[in-house]
Amino acid sequence: QVALVESGGGLVQAGGSLRLSCVASGRTFGIATMAWFRQAPGKEREFVAALTWSGRATEYIDSAKGRFTISGDPLKATVTLQMNSLKPEDTAVYYCAAKGSIASLYNYWGRGTQVTVSS
């Protein structure tokens with residue numbers, strides 16, 4: 001089993017920045033990819049960004065490209081999401097997720113951290 005704990009959420013004005021962090025514990029040696037998802041009120045959870053340890057490949061939702069940067073350390077089993085130029089539409093609960101293989105679904109989830117961007 002893997003446990004994920006997020007931190008770094010908060011309230012920021014539009015145009016500001018926040019940095020989210022996620023720490024994994026437990027059987028972290030089996031993690032292949034760590035990612036961030038978000039869920040806004042009344043909307044479905046959506047993918048934001050992912051980092052695959054092999055090759056350090058990254059992937060982003062179109063709306064995050066150029067504004068968000070995902071990074072991490074596989075030895076420490078941590079992943080961060082640097083969010084710049086935040087917009088009110090970025091307001092959501094942000095969840096850290098992990099999976100054991102690139103082809104599998106995300107099967108480990110954190111409890112989430114609230115990000116609120118005021119206009």
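These lines cover the structure that appears in this document, whether it is placed above or below. (Residues numbered from 1 in each chain as written. Predicted model: local features only at pLDDT ≥ 70, side-chain atom pairs only at ≥ 80, totals over all residues. Heavy atoms only, no water.)

## Observations concerning the pattern of salt bridges
Summed over all chains, the structure comprises four salt bridges. For R38, the salt bridge is made with E46, and the minimal N-O distance between the two is 2.7 Å. Owing to a relative accessible area of 6%, R38 belongs among the buried residues under this scheme. Take E46: its relative accessible area is 31%, and that puts it in the partly exposed class. Here D62 ties to K65 by a salt bridge, and the two come within 3.1 Å at their closest N and O atoms. (Salt bridge = Lys/Arg side-chain N within 4 Å of Asp/Glu carboxyl O. Buried < 20%, exposed > 50% of the residue type's maximum accessible area, 1.4 Å probe, protein only.)

## Focus on the pairing of strand β8 (residues 78–83)
By the bridge criterion, six bridges tie strand β3 (residues 18–26) to β8 in an arrangement that is antiparallel. Residue pairing for β8: L20 is matched across the bridge by L81. When strand β7 (residues 68–73) meets β8, the two strands line up antiparallel, connected through six bridges. The residue of β8 that forms the bridge with F68 is M83. What sits between β7 and β8 in their antiparallel hairpin is a turn of four residues, with A77 showing a positive phi close to 55°. (Pairing = 2+ DSSP bridges. Helix = DSSP H or I, 4+ residues; strand = E, 2+ residues; numbered from the N terminus.)

## Considering the packing of aromatic side chains
Counting across every chain of the model gives four aromatic pairs. Seen in terms of ring centroids, F37 and F47 are 5.6 Å apart; in terms of plane orientation they differ by 80°. Their pairing is edge-to-face. Placement of the pair is F37 in strand β4 (residues 33–39) and F47 in strand β5 (residues 46–52), with a sequence separation of 10 residues. Taking relative accessible area as the criterion, F37 reaches 11% and is therefore assigned buried. By way of ring pairs, the aromatic residues F37, F47, Y106 and W109 are connected into one cluster. (Phe/Tyr/Trp six-rings, centres within 6.5 Å; stacked < 30°, edge-to-face > 60°.)

## Considerations on the state of the cysteines
Taken as a whole and assessed by the stated rule, the structure comprises one disulfide. Here C22 engages in a disulfide with C96; their sulfurs sit 2.1 Å apart. As the torsion about the S-S bond is roughly -85°, the C22-C96 disulfide counts as left-handed. Residue C22 is located in strand β3, and its partner C96 is located in strand β9 (residues 92–99); the two are separated by 74 residues in the primary sequence. For C22, a relative accessible area of 1% translates into the label buried. (Disulfide = S-S within 2.5 Å.)

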